[in-house]
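Remarks on the overall topology
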Amino acid sequence: MTRPSWDVPIEQLLRELTPLVLGTVVRRFRDFAAAEDAVQEASLAAAQDWPRQGLPENPRAWLTQVAFRRMADHFRSESARRRRESEVALEAAYAPDSTAIETAPQEDDTLVLLFMCCHPALTPASAIALTLRAVGGLTTAEIARAFLVPEATMAQRISRAKQSIKNSGIPFQLPTSEERAQRLRAVLHVLYLIFNEGYTSSVGPELRRSDLTQEALRLTRIVHNLQPNDTEAAGLLALMLLTDARRRARASAAGELIPLAQQDRALWDRQQIAEGVALLSATLPKGSVGPYQLQAAIAAVHDEASRAEDTDWPQILALYDLLGRMSDNPVVRLNHAIAAAMVHGAAKGLELLDTLKLDDRLADHHRMDAVRAHLLERAGDRAGAVRHYRAAAGKTGSLPERNYLLTQAARLSSELGPMSEQE
């Protein structure tokens with residue numbers, strides 16, 4: 001092996017490969033918890049070895065073989081009553097070569113893993129959390145933030161989900177059409193959360209994680225093809241396409257966040273917008289409109305405005321009114337307050353924002369302060385806006401978002417003058 005020029009960071013490459021390798025290992029050994037441990041150990045070995053020894057010709061096969069060896073070690077350590085199973089497992093583990101590992105699966109192991117994690121033997125919350133971990137590659141802390149719960153709570157939830165899979169003997173295979181329909185809602189929610197974490201990363205120096213957004217889009221396309229008549233699967237795919245179309249305009253060359261109203265819309269992906277609008281247009285007339293279709297419709301209204309000032313805010317507000325009746329999601333209500341402010345004035349938005357004060361799910365979320373700061377600025381309360389911009393910056397783990405919020409606070413402080421620092 002030669003030392004490569006690293007076109008893709010090791011961490012990103014491992015994030016992309018881990019779900020694929022995990023699917024292969026689970027399919028062969030039928031032990032989800034042990035397979036996840038083995039793949040994590042293989043990833044750790046790769047993070048240590050690859051920078052020194054160079055990237056292997058087939059990174060996925062390298063990881064898979066190391067994970068197979070870890071599984072062999074695991075089976076060796078099992079009790080005597082499982083010795084016969086160990087021998088079978090060891091024989092399977094050492095049999096394939098690199099080529100076999102790549103060509104053996106006739107189906108998408110990641111997709112099978114996705115539906116497996118969303119098995120009805122698990123509670124919906126546990127299924128979603130486990131899938132975000134196994135398929136999405138999110139850390140426990142990232143998943144906890146997505147669910148607005150403490151990290152310790154999420155760790156326990158994931159641990160229980162692994163144990164439930166182990167005890168249930170869930171087969172690793174693509175479910176039947178009937179089973180897919182039963183699990184579809186949980187699958188779509190998982191893909192939605194994976195995409196959201198990728199589109200605006202909750203932690204780290206990068207605004208966006210393209211590995212997560214592209215994987216969410218890929219899997220959602222597959223799910224839509226499997227369930228072509230499901231309007232919400234189509235709605236979610238349309239939402240992702242219409243949202244991801246703005247990716248090139250969301251950050252400056254230096255990685256600084258650019259809000260929607262200030263983006264260069266010439267950079268938006270018009271082909272992707274057209275695909276999303278066409279998909280949504282074909283889906284809405286079918287009836288049974290759900291939350292993903294409504295969110296896609298909101299994204300379409302934004303994308304079809306040639307300038308920020310041309311945005312049809314009354315239509316967006318009406319769509320959020322409908323969405324709010326379907327969902328108890330506090331983030332939806334937060335966005336509804338913004339839309340109301342754009343239509344009826346900042347005071348109305350602040351009034352709606354006050355109704356969210358007692359919602360514990362948003363108590364420590366930076367977006368609550370960020371939205372309040374924005375609305376206070378629109379209302380002319382610059383000092384109040386500065387306080388809340390700074391408060392929001394202190395609560396986010398995303399460096400681009402933090403820098404943006406502090407920049408807004410500094411801008412308003414300079415306009416207020418020296419007295420503002422003493423208030």
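Our structure is the block above this text.
A brief structural summary. (Residues numbered from 1 in each chain as written. Predicted model: local features only at pLDDT ≥ 70, side-chain atom pairs only at ≥ 80, totals over all residues. Heavy atoms only, no water.)

**Re the overall build of the chain**
- Helix and strand content of the chain: 21 helices and two strands.
- Residues counted as buried form 50% of the 423 residues belonging to the chain.
- Long-range contacts, defined here as pairs at least 24 residues apart, represent 66% of the contacts in the chain between residues at least 6 apart.
- With an accessible surface of roughly 20,100 Å², the chain has 51% of that area assigned to carbon and sulfur atoms. (Helix = DSSP H or I, 4+ residues; strand = E, 2+ residues; numbered from the N terminus. Buried < 20%, exposed > 50% of the residue type's maximum accessible area, 1.4 Å probe, protein only. Contact = heavy atoms within 4.5 Å. Areas by Shrake-Rupley, 256 points an atom, 1.4 Å probe, with all protein chains shown as cover.)

**Some words on helix H12 (residues 231-244)**
- Between its first and last C-alpha atoms H12 spans 20 Å; for 14 residues at 1.5 Å apiece the expected length is 20 Å, and the two agree.
- Extensive coverage of H12 is indicated by the burial of 14 of its 14 residues.
- For H12, the N-terminal cap is aspartate 230; the gap from its side-chain oxygen to the backbone nitrogen of glutamate 232 is 3.1 Å. (Expected span 1.5 Å × (residues − 1). Polar contact = N/O pair within 3.5 Å; in protein donor to acceptor, adjacent residues only side chain to side chain.)

**Side note on a nonpolar patch on the surface**
- On the surface, a nonpolar cluster with roughly 220 Å² of combined accessible area is contributed by Leu284, Val289 and Met326.
- On the secondary structure map, valine 289 appears in the loop between helix H13 (270-283) and helix H14 (291-304). (Patch = residues over 30% accessible without salt bridge, like charges linked within 9 Å, V, L, I, M, F, W, Y side chains within 5 Å. Salt bridge = Lys/Arg side-chain N within 4 Å of Asp/Glu carboxyl O.)

**What about the packing of helix H10 (residues 177-199) against helix H11 (residues 210-226)?**
- For the pair H10 and H11, interaxial distance at closest approach is 8 Å and the crossing angle is 160 degrees. Classified by the interaxial angle, the pair formed by H10 and H11 is roughly antiparallel. Two packed elements cross with a definite hand, and for H10 against H11 that hand is left-handed. Of the residues in H11, those in contact with Arg180, Leu184, Val187, Leu188, Leu191, Ile194, Phe195, Glu197, Gly198 and Tyr199 of H10 are Leu212, Thr213, Ala216, Leu219, Thr220, Val223 and Leu226. (Axes fitted to C-alpha atoms, helices over the stretch in contact; angles between N-to-C directions. Parallel < 35°, antiparallel > 145°, perpendicular 65-115°, else oblique. Left-handed = near helix turned anticlockwise from the far one by under 90°.)

**Observations regarding the packing of H12 against H13**
- Where H12 contacts H13, the two axes come as close as 8 Å, and the packing angle between them is 155 degrees. Put simply, H12 runs roughly antiparallel to H13. Pair H12 / H13 crosses with left-handed handedness. Contacts between H12 and H13 involve Thr231, Ala234, Leu237, Ala238, Met240, Leu241, Leu242 and Asp244 from the first element and Gln272, Ile273, Glu275, Gly276, Val277, Leu279, Leu280 and Thr283 from the second.

**Description of helix H8 (residues 140-147)**
- For H8, the full list of buried residues reads Thr140, Ala141, Glu142, Ile143 and Ala144.
- Considering only its buried residues, H8 is in contact with helix H1 (10-29), helix H7 (124-134), helix H9 (151-168), H10 and strand E1 (203-204).
- Leucine 148 lies just past H8 and shows a positive phi near 60 degrees.

**Here's the deal with the layout of surface pockets**
- The computed volume of the second largest pocket comes to approximately 430 Å³.
- Around the second largest pocket, the lining comprises 14 residues; the ones closest to its centre are Arg15, Thr18, Gln40, Ser43 and Gly137.
- Those elements that provide at least two residues to the lining of the second largest pocket are H1, helix H2 (32-53) and H7.
- It is H1 that contributes the most residues to the lining of the second largest pocket, five residues altogether. (1 Å grid on protein atoms, 1.4 Å probe; cavity = no way out; pocket = protein on both sides within 12 Å on 5 of 7 lines; lining within 4 Å. Points joined across faces, edges and corners; volume = space filled by probe spheres on them.)

**Looking at the packing of aromatic side chains**
- Counted by the stated rule, this structure contains four aromatic pairs.
- Measuring from ring centre to ring centre gives 5.3 Å for tryptophan 50 and tryptophan 62, while their planes differ by 70 degrees; the resulting arrangement is edge-to-face. Of this pair, tryptophan 50 sits in helix H2 while tryptophan 62 sits in helix H3 (residues 59-76); the two residues are 12 residues apart in sequence, bridging distant segments of the chain.
- Ring geometry for tyrosine 192 versus tyrosine 292: centroids 5.3 Å apart, planes at 55 degrees, classification tilted. Here the residue tyrosine 192 occupies a position in helix H10, and tyrosine 292 occupies one in helix H14, the gap between them amounting to 100 residues. The residues tyrosine 192 and tyrosine 292 share a single accessibility class, namely buried.
- Sitting over the ring of tryptophan 268, arginine 246 keeps its end group 5.8 Å from the ring centre.
- Taking NZ or CZ as reference, arginine 250 lies 3.7 Å from the ring centre of tyrosine 199, over its face. (Phe/Tyr/Trp six-rings, centres within 6.5 Å; stacked < 30°, edge-to-face > 60°. Lys NZ or Arg CZ within 6 Å of the ring centre and 35° of its normal.)

**Quick word on the side chain of glutamine 295**
- Mapped onto the elements, glutamine 295 comes out in helix H14.
- Exposure remark for glutamine 295: the relative accessible area of 17% places this residue in the buried category.

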